[in-house]
Amino acid sequence: PDTQILPLNGTREGLFLAAQVAPQKDNGLVFIPNPFYQVYAAAAYASNAEPVYLRASVETNFLPDLDAISEAHYQRCQCFFLCSPANPQGAVAEKPYLTKLLAKARQYNFLILADECYSEIFDRSLEDNPPPSILECVSQTEMQEAPFIVFHSLSKRSNLQGLRSGFCTGGKYVMDAFLA
């Protein structure tokens, strides 16, 4: 619905501000894939949380290993940044990965900030299998109110660097908080 989508003056600002609406926890953590976009770390510090850099290397298929995170860390997690397709590696989080992350977010009450700014930049020979969106996973489950926000950058998908135009969408209560 229109109430669950917001325009952004570029996704960098949106990604930074969205971390501020994540559930606040004592000794809170923000999970960040490593390598990472610098605004993720800045958002963690601004939300009074400790950034935890999750290795995204060849050993983990260039995505954070969700099973390597301890339960104690999940309990302290305020938000989880995920970039898919990942920059700079290009790794794609497939639907089972995204669904598992959504389940963890609900179980441990943290916000997923899904940076999907590169979702339309992929090998066109794979046209029948584009990178999935967390939105697809949410729409196919009972998790419409899952704690997530998805970010898209119109400047990247339209090859208009510097345009500073994007949007975000997410679950109703999360978007209500973000708008406020």
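Please read all numbers here as calculations on a predicted model, not as lab measurements.

What counts and what doesn't
Residues numbered from 1 in each chain as written. Predicted model: local features only at pLDDT ≥ 70, side-chain atom pairs only at ≥ 80, totals over all residues. Heavy atoms only, no water. Helix = DSSP H or I, 4+ residues; strand = E, 2+ residues; numbered from the N terminus. Phe/Tyr/Trp six-rings, centres within 6.5 Å; stacked < 30°, edge-to-face > 60°. Buried < 20%, exposed > 50% of the residue type's maximum accessible area, 1.4 Å probe, protein only. Axes fitted to C-alpha atoms, helices over the stretch in contact; angles between N-to-C directions. Parallel < 35°, antiparallel > 145°, perpendicular 65-115°, else oblique. Left-handed = near helix turned anticlockwise from the far one by under 90°. Contact = heavy atoms within 4.5 Å. Nonpolar A, V, L, I, M, F, W, Y, C, P; charged D, E, K, R; others polar. 1 Å grid on protein atoms, 1.4 Å probe; cavity = no way out; pocket = protein on both sides within 12 Å on 5 of 7 lines; lining within 4 Å. Points joined across faces, edges and corners; volume = space filled by probe spheres on them.

Asker: What should I look at first to understand unusual backbone geometry in this one?
Answerer: What you tend to see is this: most non-glycine residues have negative phi, and most peptide bonds are trans. Across the junction of N34 and P35, the peptide omega takes the value 15 degrees, indicating a cis bond. By the element assignment, P35 lies in the loop between β2 (29–34) and α2 (38–46). Of note, the amide linkage connecting S84 to P85 takes the cis form, showing an omega dihedral of -5 degrees. Locating P85 in the fold gives a position in the loop between β4 (77–83) and α4 (95–108). With a phi angle near 65 degrees, F62 is a residue other than glycine that sits in the positive phi range. Note that F62 resides in the loop between β3 (50–55) and α3 (71–76).

Asker: What's the story with the packing of aromatic side chains in this structure? I'm lost.
Answerer: For any pair of aromatic rings, the description consists of the separation of the ring centres together with the inter-plane angle of the planes. Tallied over the full model, the rule gives seven aromatic pairs. Aromatic pair Y37 and Y40: ring centres 5.8 Å apart, planes at 85 degrees, arrangement edge-to-face. On the basis of relative accessible area, Y37 is assigned to the partly exposed category, the value being 30%. Judged by centre distance (5.2 Å) and plane angle (10 degrees), the rings of Y74 and Y108 are stacked. Of this pair, Y74 sits in helix α3 while Y108 sits in helix α4; the two residues are 34 residues apart in sequence, bridging distant segments of the chain. In this structure an aromatic cluster arises from ring pairing among F31, Y74, F80, Y108 and F110.

Asker: Looking at this model, I keep getting lost on the packing of helix α1 (residues 11–18) against α2. Mind explaining?
Answerer: Helix-helix packing: each pair is described by the crossing angle between the helix axes and the interaxial distance. Packing of α1 against α2 leaves a shortest axis separation of 8 Å and a crossing angle of 30 degrees. In terms of their interaxial angle, α1 and α2 are classed as roughly parallel. At the point where α1 passes α2, the crossing takes the right-handed sense. Taken together, the residues of α2 that come into contact with α1 (itself represented by R12, L15 and F16) are V39, Y40, A42, A43 and A46. Within the contact of α1 with α2, the residues separate by chemical class into seven nonpolar, no polar and one charged.

Asker: How should the layout of surface pockets be read in this particular structure?
Answerer: One way to see where empty space is left: roll a probe the size of a water molecule over the atoms. In this structure, the largest pocket occupies an estimated 230 Å³ of space. Surrounding the largest pocket, 22 residues form its lining, Y37, Y40, C83, N87 and D115 being those nearest its centre. Only α1, α2 and β4 provide two or more residues apiece to the lining of the largest pocket. Considering only residue class, the lining of the largest pocket consists of 16 nonpolar, four polar and two charged. Taken as a whole, the second largest pocket holds about 170 Å³ of empty space. Along its surface, the second largest pocket is lined by eleven residues, and Q4, L135, F148, T169 and G170 are the ones closest to its centre. Those elements giving two or more residues to the lining of the second largest pocket turn out to be α5 (134–139) and β7 (166–170). Looking at the lining of the second largest pocket element by element, the count peaks at three residues for α5. Of the residues belonging to the lining of the second largest pocket, the class tally is four nonpolar, six polar and one charged.

That's the geometry; what it means functionally is another story.
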